[in-house]
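One letter stands for each residue in the lines below.
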Amino acid sequence: QQQVKQSPQSLIVQKGGISIINCAYENTAFDYFPWYQQFPGKGPALLIAIRPDVSEKKEGRFTISFNKSAKQFSLHIMDSQPGDSATYFCAASASNYQLIWGAGTKLIIKP
Amino acid sequence: KAGVTQTPRYLIKTRGQQVTLSCSPISGHRSVSWYQQTPGQGLQFLFEYFSETQRNKGNFPGRFSGRQFSNSRSEMNVSTLELGDSALYLCASSPDSLGNYEQYFGPGTRLTVT
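Since this is a predicted model, take the numbers as computed values, not measurements.

Chemist: Pulling in residues and values, what's your account of the sheet that holds strand S7 (residues 62–67) of chain A?
Modeler: Residues and elements named next belong to chain A. Strands sit in the order S1-S3-S8-S7-S6 across an open sheet of five strands; the sheet is antiparallel. Each edge of the sheet is formed by a strand with only one pairing partner; in this case those strands are strand S1 (4–7) and strand S6 (56–59). Pairs of neighbouring strands in the sheet enclose a mean axial angle of 15°, with direction left out of account.

See below:
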């Protein structure tokens, strides 16, 4: 019940396309859902986060869509660029400050 | 503000030895978490410290231990190193203020066990 399942494991998208990464969870107590971006040789960095009281949050080209009834949330990257090539992690927390992490998605944007 | 710093950045140890890794959180952050990252395994949570107390713990053997000092700096120790301990060890700090769960990661320490 503590798991966060992330898919796909890897993704190749053409430059200018839309990248979509999905995560699913079981624990209805989760109340914070962040996405992190990690470049090789660096630690993960917070990209965008959402709470369950909203269904969508947009920051620039990055959007989180949240479906509370389906217990799913996804990251959409619009107009994907080669600089977006990185590993993306979803996570969830249930107010105890411990993040439960997805397995990660390696995204490659082809020029 | 300076970011999270971790030392050393790279480390090579021999099986059976022990190692200590250090993490300095962002100024004002009181929570420090440690993660192990290996290819194909994602981020595995080790433990989290807040005000010098271990608040959360992952499913790692007792060879992995940590502590936090009064200035919020944290160390993690791995005793009797095994080849499988080779990984990137990441430290993350958090403001830990009400409702703020954001974690800020350091660059990690790359540990190689031979």
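From this point, things continue past the structure.
Chemist: Which residues make up unusual backbone geometry, and what values do they have?
Modeler: Along the chain, A:Ser7 connects to A:Pro8 via a cis peptide bond; the corresponding omega equals -5°. Examined against the element boundaries, A:Pro8 turns out to sit in the loop between S1 and strand S2 (10–14). B:Thr7 connects to B:Pro8 through a cis peptide bond whose omega is -10°. When you line up the elements, B:Pro8 lands in the loop between strand S1 (5–7) and strand S2 (10–13). Although it is not a glycine, A:Lys71 sits at a positive phi angle of roughly 55°. By the element assignment, A:Lys71 lies in the loop between S7 and strand S8 (72–77). Note on A:Lys71: relative accessible area 23%, which makes it partly exposed. In this structure, A:Asp79 is a non-glycine residue whose phi angle is positive, near 45°. By the secondary structure assignment, A:Asp79 is in the loop between S8 and strand S9 (86–93). According to the relative accessible area criterion, A:Asp79 is partly exposed, its value standing at 40%.

Chemist: Got a sec to walk through the state of the cysteines? Specific residues and values, please.
Modeler: Residue and element names in this part refer to chain A. Applying the stated rule across the entire model yields two disulfides over all chains. What pairs with Cys 23 in a disulfide is Cys 90, and their sulfur atoms sit 1.8 Å apart. Because the torsion about its S-S bond is -95°, the bridge between Cys 23 and Cys 90 counts as left-handed. With Cys 23 in strand S3 (residues 19–25) and Cys 90 in strand S9, this pair connects stretches of sequence that are 67 residues apart. Take Cys 23 and Cys 90: they sit in the same class, and that class is buried.

Chemist: Summarise the pattern of salt bridges; cite the residues concerned and give the values.
Modeler: Residues and elements named next belong to chain A. Applying the stated criterion to the full structure yields eight salt bridges over all chains. Residue Lys 57 pairs with Glu 59 through a salt bridge whose shortest N-O separation is 3.8 Å. The exposure class of Lys 57 is partly exposed, given its relative accessible area of 32%. Looking at Glu 59, the relative accessible area reads 37%, which means it is partly exposed. Where Asp 84 meets Arg 61, a salt bridge forms, and the shortest distance between an N and an O atom there is 2.8 Å. Taken together, the positions of Asp 84 in the loop between S8 and S9 and Arg 61 in the loop between S6 and S7 put the pair 23 residues apart, joining distant regions of the chain. Arg 61 sits in the partly exposed class, given a relative accessible area of 27%.

Chemist: Lay out the nonpolar core in plain terms, naming residues and giving numbers.
Modeler: It is characteristic of soluble globular proteins that their nonpolar side chains tend to be buried jointly. Core analysis: the biggest nonpolar cluster contains 25 residues, and A:Val4, A:Phe33, A:Trp35, A:Phe73, A:Leu75 and A:Tyr88 have the highest contact counts within it. Only S2, S3, strand S4 (33–38), strand S5 (45–50), S7, S8, S9 and strand S11 (105–110) of chain A provide two or more residues apiece to this core. Not counting chain neighbours up to four residues away, the residues in contact with A:Leu75 comprise A:Ser19, A:Ile20, A:Ile21, A:Trp35, A:Leu47, A:Ile48, A:Phe62, A:Thr63 and A:Tyr88. Counting residues in each nonpolar core, the second largest holds 21 residues, with B:Val4, B:Leu21, B:Phe47 and B:Leu81 among its members.

Chemist: Requested: an account of the sheet that holds strand S7 (residues 64–68) of chain B, with residues and values cited.
Modeler: All names here are of chain B. Spatially, S1-S3-S8-S7 is the arrangement adopted by the four strands of the open sheet, whose pairing is antiparallel. Strands with a single pairing partner mark the edges of an open sheet, and in this sheet they are S1 and S7. If you compare each strand with its neighbour and ignore which way they point, the axes differ by 20° on average.

Reading guide: rules and limits
- Per chain, residue numbering runs from 1 following the sequence as it is written.
- Note on labels: chains are lettered from A, ligands numbered from 1, in written order.
- Where totals are concerned, whole chains, interfaces and linings use all residues; where local detail is concerned, this predicted model gives features only for residues with pLDDT of at least 70, and gives and counts side-chain atom pairs only at 80 or more.
- The side-chain numbers reported here are obtained from all heavy atoms of the structure, hydrogens and water having been left aside.
- At least two DSSP bridges between two strands are required for those strands to pair.
- Here a helix means four or more residues in a row that DSSP labels H or I, a strand means two or more in a row labelled E, and each is numbered from the N terminus.
- The axes used here are C-alpha line fits, helices contributing only the stretch in contact, and every angle between their N-to-C directions lies in the interval 0 to 180 degrees.
- Only protein chains enter the calculation, and the probe is 1.4 Å; a residue is then buried if its accessible area is under 20% of its type maximum, exposed if over 50%, and partly exposed in between.
- We call a pair of cysteine sulfur atoms a disulfide whenever their separation is within 2.5 Å.
- Between Lys or Arg on one side and Asp or Glu on the other, a salt bridge is scored when a side-chain nitrogen of the former is within 4 Å of a carboxyl oxygen of the latter.
- Throughout this description, the term nonpolar core refers to a set of buried Ala, Val, Leu, Ile, Met, Phe, Trp, Tyr and Cys residues connected via side-chain atoms within 4.5 Å.
- Throughout, a residue-residue contact means that at least one pair of heavy atoms, one from each residue, lies within 4.5 Å.

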